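Commentary on secondary and tertiary structure
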Amino acid sequence: MKRFLQILFTAAALALMIFTKGAILRSQTETGVYLRTPCSYFNPTVLGSGNFAPFVTAILACFLLILGFLALKSKGAQVGLAVLSPVTFVLSLLPLAKGCYSLLGACVSAALGIAAYFAIAAMFRKKAPAAAPPPPPPPPPPPRDPA
């Protein structure tokens, strides 16, 4: 169940990243005024403004979704998912330091944070012990002497 929720929240974050008002492109005009232009997380032009975090977050979120499906079968993918998901969450918060954060970006960060929680929780989940076999039936009572 935790793995399913991790995949669901990562997919929700990816869906939010597609919108054109998620990442903020901040550029300076000739007069020294900063312009804030919203764009999609998948828009590579944010790299030119020095705001690389949204584009890298979008690429890592795609990897997280693939790893989420692979983690259903592979223990190595579970470890990779538990390591990469918190890194992606922290990377999604970097535009906050530059002043290029939006409400949609906060929703993306929240979804990635919840997905990271579920990825780590699924990694350290304890498997239920196998059901113990039923106890053997008691031995029959000894025969009684007819005397």
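Look above for the structure.
Here's a quick rundown of the structure.

1. Brief notes about the packing of aromatic side chains
Throughout the structure, instances matching the rule amount to 2 aromatic pairs. With a centroid separation of 6.1 Å and 20° between ring planes, the pair formed by F9 and F118 is classed as stacked. Of the two residues, F9 sits in helix α1 (residues 2-18) while F118 sits in helix α5 (residues 103-123), which places them 109 residues apart along the sequence. Aromatic ring contacts, followed pair by pair, group F9, Y117 and F118 into a single cluster.

2. Thoughts on the packing of α1 against α5
For any two helices packed against each other, one specifies the crossing angle of their axes together with the interaxial distance. Packing of α1 against α5 brings their axes to within 8 Å, and their N-to-C directions diverge by 160°. By the angle between their axes, α1 is roughly antiparallel relative to α5. Considering how the two elements wind past one another, α1 and α5 form a crossing that is left-handed. Contact residues: K2, R3, L5, Q6, F9, T10, A13, L16 and M17 in α1; L104, C107, V108, A111, L112, I114, A115, F118, A119, A121, A122 and M123 in α5.

3. A look at the pairing of strand β1 (residues 23-28)
Here 6 bridges tie β1 to strand β2 (residues 34-39), and the two strands are oriented antiparallel to one another. Following the sheet pairing, A23 is matched in β2 by C39. The turn joining β1 and β2, which pair antiparallel and follow one another in sequence, is formed by 5 residues; a positive phi near 95° is taken by G32.

Criteria and thresholds
Along each chain, numbering runs from 1 in the same order as the chain's sequence is written. Since the coordinates come from a predicted model, pLDDT governs what is reported: local features require at least 70, and pairs of side-chain atoms require 80 or more to be given and counted, while whole-chain, interface and lining totals use all residues. Only hydrogens and water are set aside; all other atoms, that is, all heavy atoms of the structure, feed into the side-chain values. Stacked, tilted and edge-to-face pairs are distinguished by plane angle, under 30 degrees for stacked and over 60 for edge-to-face with tilted covering the rest, among Phe, Tyr and Trp rings (Trp via its six-membered ring) whose centres lie within 6.5 Å. Numbering goes from the N terminus for both helices and strands, where a helix is a DSSP run of H or I of at least four residues and a strand is a run of E of at least two. As a rule, the C-alpha atoms of each element are fitted with a line to give its axis, helices using only the stretch in contact, and angles between N-to-C directions run from 0 to 180 degrees. Any angle from 65 to 115 degrees is called roughly perpendicular, while one under 35 is roughly parallel, one over 145 is roughly antiparallel, and all others are oblique. Handedness of a crossing is defined here by the sense of rotation of the near helix relative to the far one, left-handed for an anticlockwise turn of less than a right angle and right-handed for a clockwise turn. Two residues qualify as a contact provided that any one of their heavy atoms is within 4.5 Å of a heavy atom in the partner residue. At least two DSSP bridges between two strands are required for those strands to pair.

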